[in-house]
Amino acid sequence: MNKSERQQEILKLLTSKERVDITELCDIFHIVPMTARRDLKELEQQGKLIRTHGGAALPPEKEDVNLPFFQRTKIHAAQKLAIAARAQSFLQKHQHIFLASGTTVHAFAQSIDRSLPLTVITDAVNIAYELSSYPNIHLLSVGGELRPNSLTLTGKIAEDNLSNFHLDAAFIGINGIDSEGSIYVSSIVESSILQILFDRVPNIYILADDSKINQKDFVQVGSLNSSHTLITTGEISDVCLEKYQTLGANVIIA
């Protein structure tokens, strides 16, 4: 059995069991742990599974906010990279921008041109760390209380500090946009930051793969309007697309 055939069999096994471990793969395919790990890494890079401690699991169809942050970055990874690449075209020299928390915005932060002079304000400690070595970025954090699972800084300190900044644009992630254009997140405390951005920032870029389209979540934070550009992937139903455009939003398929 060659590598391609073995990897297809691994995916079939995952489909039936939802989770496998390295030891099991070694026994079934008569391979060494290094080979099993390499197979899982390659399949993960293709977006077909997510590696776990000692094995792998099928990626959930929708990103589960209860999963650890860096495990969630592997879900719909190819779509997030496509969105991040498309969003780069909206960056301009010497802008003052906000980068919100979330795995798709994290992918966007990773892809920013290191030579582009920007001022970046963020509520995400992972993004602050990611951009800390960029020589041309003036980086500020809003501070506040850390939510470990999302790596987000929240609370009154974060909200008060954010209110002091004049921003040209904000790049945000969300948990869902329903067929009527209402925008949803999973957390009340994180919704407060987004509400400030919606009220104060003239250009909001919503980075959301197609698993978030025509979906709802716990907290509604507003509706699409003419200040919003939605950058997504895949196909949007004609009903959703027409509604979003009627509300004034610019919709871009990465």
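Residues numbered from 1 in each chain as written. Predicted model: local features only at pLDDT ≥ 70, side-chain atom pairs only at ≥ 80, totals over all residues. Heavy atoms only, no water.

Its place among the elements puts Gln88 in the loop between α5 (77–87) and β4 (96–99). Polar side-chain contacts of Gln88 include one of 2.7 Å to the side chain of Ser111. Setting aside its immediate chain neighbours within four residues, Gln88 contacts Phe108, Ser111, Ile112 and Asp113. (Helix = DSSP H or I, 4+ residues; strand = E, 2+ residues; numbered from the N terminus. Polar contact = N/O pair within 3.5 Å; in protein donor to acceptor, adjacent residues only side chain to side chain. Contact = heavy atoms within 4.5 Å.)

Moving on: the environment of Thr73. Positionally, Thr73 belongs in the loop between α4 (69–72) and α5. Residues Thr73 and Thr104, spaced 31 residues apart in sequence, show a C-alpha to C-alpha distance of 7.5 Å. Look past the residues within four positions of Thr73 in its chain and what remains in contact with it is Lys80, Thr103 and His106.

So, about unusual backbone geometry. Non-glycine residue His76 carries a positive phi angle of around 55°. For His76, the location among the structural elements is in the loop between α4 and α5. For His76, a relative accessible area of 19% gives the class buried. The backbone of Asn214 sits at a positive phi, close to 60°, despite the residue not being glycine. In this fold, Asn214 is placed in the loop between β12 (204–207) and β13 (219–223). Since its relative accessible area comes to 45%, Asn214 is described here as partly exposed. (Buried < 20%, exposed > 50% of the residue type's maximum accessible area, 1.4 Å probe, protein only.)

So yeah, pure geometry; function would need other evidence.
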